[in-house]
Amino acid sequence: MQLKDPVTSIRGVGDKTAEAFRKLNISTVEDLIRLYPRRYLGYSEPLPIRQAPEMERVTIMAEICTYVKTYKGPRYVITSLSAQDATGSIELVWFNCPYLRNTFHKGETYCFVGLIKRKGNRRVMEQPEFFTPYKYQDMKSVLQPIYPLTAGVTNTMLRKAVHEVRPLIRSMPDELPSQLVSEYRLTPKGQALESIHFPKDEEQLRQSARRLAFDEFLQFLLDVREMREENLRLTSEHLITEEAVSKLQGFLAGLPYQLTEGQKKALDDVVQDMSGGSVMNRLIQGDVGCGKTIVAAGALFVTVLSGYQGALMVPTEVLAMQHFKDLTELFRPYGINVALLTGSMTMKEKRTVYEGLRSGEIKIVIGTHALIQEKVDYQSLGLVVTDEQHRFGVRQRERLAEKGKLPHVLVMSATPIPRTLAIILYADLDISLITQMPGGRKKTLNCVVGTDYRPTAYSFIRKEVSRGRQAYVICPKVEDSEGVELENVGSYAEMLRETYGDSVRVESLHGKMKEEKKQEILQAFRDRKIDVLVSTTVIEVGINNPNATVMMIENAERFGLAQLHQLRGRVGRGDAQSYCIFINVNQSDEAKERLSVLEESNDGFHIASEDLRLRGPGDFFGVRQSGDLMFRLADIYQHADVLQMAQDCILKYENELRDRRKDIQHG
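Because the structure is a prediction, the values reported are computed rather than measured.

1. Regarding the overall build of the chain
Here comes step 1: Tallying secondary structure elements over the chain gives 22 helices and 22 strands in all.
Here comes step 2: Computed over the C-alpha atoms, the radius of gyration of the chain is 27 Å, within 12% of the 26 Å expected from 2.2 N^0.38 for a compact globule of 667 residues.
Here comes step 3: Referenced to the eigenvectors of the C-alpha coordinate spread, the extents of the chain come out at roughly 85 × 65 × 50 Å.
Here comes step 4: Here the chain holds 667 residues, and the buried ones make up 54% of them.
Here comes step 5: Pairs at least 24 residues apart make up 72% of the contacts formed inside the chain by residues separated by at least 6 positions.
Here comes step 6: Carbon and sulfur atoms make up 49% of the accessible area of the chain, which totals about 29,900 Å².

Here's what the structure looks like:
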């Protein structure tokens with residue numbers, strides 16, 4: 001078996017399984033090996049039922065004290081029983097597992113592993129894992145990998161398939177010279193790949209993760225340096241005219257607000273770059289809500305008035321639609337034709353856009369990855385803007401730029417990356433910083449509270465709604481179980497409807513909805529037909545509703561600080577006072593210290609630095625938190641020291657690494 005062989009060459013993987021695997025971008029054996037686990041589950045000592053905390057993954061050892069009941073609910077077949085120990089009792093519930101009625105018997109003792117929730121006066125553990133006490137003794141020494149999943153693919157299927165190719169993983173050659181592996185104290189490549197799927201213990205896993213993160217950073221930094229060298233040699237065919245720059249002043253004067261000094265400086269940098277004869281490659285970096293979009297709008301404006309086309313690529317269809325509506329309205333007085341291009345559009349709609357771009361009738365196109373598909377051709381693409389750059393890889397950005405004859409490139413990011421890391425990550429770009437917030441906005445007031453504060457929070461939200469304002473409630477995504485995310489958000493929204501009655505209009509939103517439905521709900525929220533939007537983090541990036549004044553985040557301790565700051569940025573976008581309520585379910589000192597950073601500061605870059613300091617590098621046991629999709633495994637926060645180590649390696653051995661990479665590429 002070879003790395004490039006199809007997955008059907010793996011024993012136990014047939015055509016049907018291979019088709020399901022393709023949804024996870026697994027077509028070859030190598031693709032499977034490179035599908036790294038998202039997290040790992042360990043098995044701790046069982047706790048007495050009374051002492052087991054709620055909303056945390058715990059183990060209890062209990063005796064079954066009732067017969068098993070199975071009945072059909074509205075959406076699931078529900079199987080339930082009660083169990084007890086010397087300290088108390090608990091209800092155990094499984095969905096769509098009717099076969100369990102023949103598994104459990106009254107008087108038997110099992111170890112149950114899962115999250116305990118409170119439902120009224122009852123404590124319930126839903127969908128728990130279960131083991132005999134003897135089997136559980138073995139499980140306590142195991143770190144179980146949890147993989148990304150999709151419909152038709154289970155964690156067990158992936159683990160079995162990876163196990164079949166374990167001998168191949170172990171024998172994989174190392175691309176790095178042995179002296180580098182030794183100098184930087186790295187785990188050999190084959191061993192690292194084997195251990196990432198089959199870790200013996202936490203230390204081995206940590207070291208393996210560091211090695212694979214190092215490889216990803218090294219590859220990325222070599223790409224960036226090559227792009228930078230290439231960019232410096234390029235001259236631009238898309239010079240901005242003096243007339244366009246002159247009309248830009250009138251465009252800015254017609255805005256209902258004045259730009260901040262930071263916005264003016266960033267726009268000046270952009271105009272100077274685009275007028276200077278070289279190809280612009282610039283990053284606009286600024287905190288959430290600082291007004292980067294109007295800088296991009298100004299750049300698109302002068303591009304079109306100089307006779308060229310502009311493209312704005314964003315990470316989600318929700319954000320693409322929002323930008324499309326805003327920029328269409330902004331440019332309508334100037335007769336600038338703006339179009340939308342997303343994956344969910346019909347082929348007829350896409351063809352109309354393709355033709356408009358080829359003919360030059362469409363001057364600005366806004367979309368997702370659909371903008372870099374082969375069928376998209378531009379008459380004269382002069383500017384490429386990518387919003388939320390951290391969600392696009394270098395090559396994706398490059399592919400969009402390749403659609404034109406060396407168009408200018410403008411990148412925007414609100415990701416609060418510590419300055420030292422930004423210099424390394426964005427080495428191919430000139431950087432403009434926007435540090436001020438637009439005038440008239442009040443600082444969002446924050447509070448970190450426990451679960452007993454929920455009734456007060458609900459009352460506060462009702463009060464804000466009565467004043468004509470709106471609110472978001474964020475529920476953490478529950479992973480690795482098909483349909484649970486919907487159930488989590490949906491059941492929470494239903495609970496709020498029961499709490500508020502008809503006086504507050506509540507709706508839910510989650511990532512598994514069709515794009516059309518998401519747009520419908522978000523438009524209704526913007527039109528103030530929804531008072532409270534219960535959502536997962538699908539609204540994290542760029543959603544703009546100035547009338548929303550409350551952000552309540554459940555289980556805030558489960559998110560990274562940078563992501564929490566992004567979520568908080570959805571409020572405080574108007575002139576009214578806004579509030580953010582962080583519900584901390586885990587009352588550990590560590591969780592309190594981390595969340596206190598958000599309570600005390602609204603500065604994203606300070607928060608990023610504190611997050612790095614508090615969390616420390618190399619913590620690989622939770623979900624990746626930076627949202628950075630440039631990497632499969634590496635995380636710019638968790639592996640910050642590895643990133644700097646990779647940078648040091650390139651500075652010392654760049655020529656050797658490039659030569660070795662060429663040798664590998666040429667076989």
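2. Structural notes on the pairing of strand β12 (residues 338-341)
The two faces of a sheet get side chains in turn, since along a regular strand they alternate between them.
Here comes step 1: Burial along β12 is two-sided: V338 and L340 and A339 and L341, pointing in opposite directions, are all buried.
Here comes step 2: For β12 and strand β13 (residues 364-367), the ladder comprises four bridges, and the chain directions are parallel. Following the sheet pairing, V338 is matched in β13 by I364.
Here comes step 3: Viewed along the sheet, the connection from β12 through helix α13 (residues 347-359) into β13 turns out right-handed.

3. Topic: the packing of helix α12 (residues 317-331) against helix α18 (residues 515-526)
Here comes step 1: Look at α12 against α18: their axes get within 10 Å of each other, and the N-to-C directions meet at 50 degrees. It follows that α12 is oblique to α18 by the angle criterion. As for how α12 packs across α18, the hand of that crossing is right-handed. Residues E317, V318, M321, Q322 and K325 of α12 pack against E515, K518, Q519, L522, Q523 and R526 of α18.
Here comes step 2: Residues of the contact of α12 with α18, tallied by class, amount to three nonpolar, three polar and five charged.

4. With respect to the pattern of salt bridges
Here comes step 1: Following the criterion strictly, the structure yields 32 salt bridges and no others.
Here comes step 2: The salt bridge involving E91 is made with R122; its shortest N-O contact spans 2.5 Å. Taken as a pair, E91 in strand β5 (residues 88-95) and R122 in strand β7 (residues 122-126) lie far apart in primary sequence, 31 residues in all.
Here comes step 3: For E91, a relative accessible area of 19% corresponds to the buried category.
Here comes step 4: Across the pair D174 and R211 runs a salt bridge, and its minimum N-O distance is 2.7 Å. With D174 in the loop between α5 (166-170) and α6 (178-183) and R211 in helix α8 (residues 202-232), this pair connects stretches of sequence that are 37 residues apart.
Here comes step 5: Taking the relative accessible area as the measure of exposure, D174 reaches 23% and is therefore partly exposed.

5. Quick notes on the packing of aromatic side chains
Here comes step 1: Applying the stated rule across the entire model yields 22 aromatic pairs.
Here comes step 2: Between the aromatic rings of W94 and F112, the centroid separation amounts to 6.4 Å while the plane-to-plane angle is 55 degrees, which identifies the pairing as tilted. Of this pair, W94 sits in strand β5 while F112 is found in strand β6 (residues 109-119), placing the two residues 18 residues apart along the sequence. Grouping residues by exposure puts W94 and F112 together as buried.
Here comes step 3: Aromatic ring contacts, followed pair by pair, group W94, F104, Y110, F112 and F130 into a single cluster.
Here comes step 4: Above the plane of the ring of Y43 lies R57, whose end atom (NZ or CZ) is 4.9 Å from the centre.

6. Notes on the pairing of strand β11 (residues 309-313)
Here comes step 1: When you tally the buried positions in β11, you get five out of five residues, the bulk of the element.
Here comes step 2: Residue alternation in β11 divides its side chains into two sets, Q309, A311 and M313 and G310 and L312, and both sets are buried.

7. Topic: the state of the cysteines
Here comes step 1: Under the definition given, this model contains zero disulfides.
Here comes step 2: For C290, which is in no disulfide, the shortest distance to another cysteine sulfur is to C580 and amounts to 18 Å.
Here comes step 3: C447 carries a free sulfur, and the closest cysteine sulfur to it, the one in C580, is 7.9 Å from it.

8. Some details on the environment of P37
Here comes step 1: Along the chain, P37 falls in the loop between α2 (29-33) and β1 (39-41).
Here comes step 2: On the basis of relative accessible area, P37 is assigned to the buried category, the value being 4%.
Here comes step 3: Taking the C-alpha atoms as reference, P37 lies 6.8 Å from P148; in sequence the two are 111 residues apart.

9. Things to note about the side chain of H565
Here comes step 1: If you trace the backbone, H565 turns up in helix α19 (residues 561-568).
Here comes step 2: Here H565 falls in the buried class, since its relative accessible area comes to 5%.
Here comes step 3: A distance of 3.0 Å separates polar atoms of two side chains, one belonging to H565 and the other to R568.

10. Considerations on the packing of helix α9 (residues 242-253) against helix α11 (residues 292-305)
Here comes step 1: Contact geometry for α9 and α11: axes closest at 9 Å, N-to-C directions at 135 degrees. For the element pair α9 / α11, the angle class is oblique. As α9 packs across α11, the resulting crossing turns out to be right-handed. Contacts between α9 and α11 involve A244, V245, K247, L248 and F251 from the former and G298, F301, V302 and L305 from the latter.

11. A short note on the nonpolar core
Here comes step 1: Membership of the largest hydrophobic core comes to 70 residues, with the highest contact counts inside it found for L158, F214, F217 and L657.
Here comes step 2: The leading source of residues in this core is α8, at eleven residues.
Here comes step 3: Other than its neighbours up to four places away in sequence, L657 contacts L176, L180, L218, L222, C649 and I650.
Here comes step 4: L255, F301, L319 and L410 belong to the second-largest nonpolar core, a separate cluster that totals 57 residues.

12. Comments concerning unusual backbone geometry
Here comes step 1: Of note, the phi angle at N25 is positive, near 60 degrees, even though the residue is not glycine.
Here comes step 2: You can see N25 is positioned in the loop between α1 (15-22) and α2.
Here comes step 3: Accessibility expressed as a relative area gives 63% for N25, which makes it exposed.
Here comes step 4: Not every positive phi belongs to a glycine, and M55 is a case in point at roughly 60 degrees.
Here comes step 5: On the accessibility criterion, M55 (25% relative accessible area) is partly exposed.

About the criteria used
- Residues numbered from 1 in each chain as written.
- Predicted model: local features only at pLDDT ≥ 70, side-chain atom pairs only at ≥ 80, totals over all residues.
- Heavy atoms only, no water.
- Helix = DSSP H or I, 4+ residues; strand = E, 2+ residues; numbered from the N terminus.
- Rg over C-alpha atoms; globule rule 2.2 N^0.38 Å.
- Buried < 20%, exposed > 50% of the residue type's maximum accessible area, 1.4 Å probe, protein only.
- Contact = heavy atoms within 4.5 Å.
- Areas by Shrake-Rupley, 256 points an atom, 1.4 Å probe, with all protein chains shown as cover.
- Pairing = 2+ DSSP bridges.
- Right-handed = clockwise from strand over helix to strand, strands pointing away.
- Axes fitted to C-alpha atoms, helices over the stretch in contact; angles between N-to-C directions.
- Parallel < 35°, antiparallel > 145°, perpendicular 65-115°, else oblique.
- Left-handed = near helix turned anticlockwise from the far one by under 90°.
- Nonpolar A, V, L, I, M, F, W, Y, C, P; charged D, E, K, R; others polar.
- Salt bridge = Lys/Arg side-chain N within 4 Å of Asp/Glu carboxyl O.
- Phe/Tyr/Trp six-rings, centres within 6.5 Å; stacked < 30°, edge-to-face > 60°.
- Lys NZ or Arg CZ within 6 Å of the ring centre and 35° of its normal.
- Disulfide = S-S within 2.5 Å.
- Polar contact = N/O pair within 3.5 Å; in protein donor to acceptor, adjacent residues only side chain to side chain.
- Core = buried A, V, L, I, M, F, W, Y, C linked by side-chain atoms within 4.5 Å.

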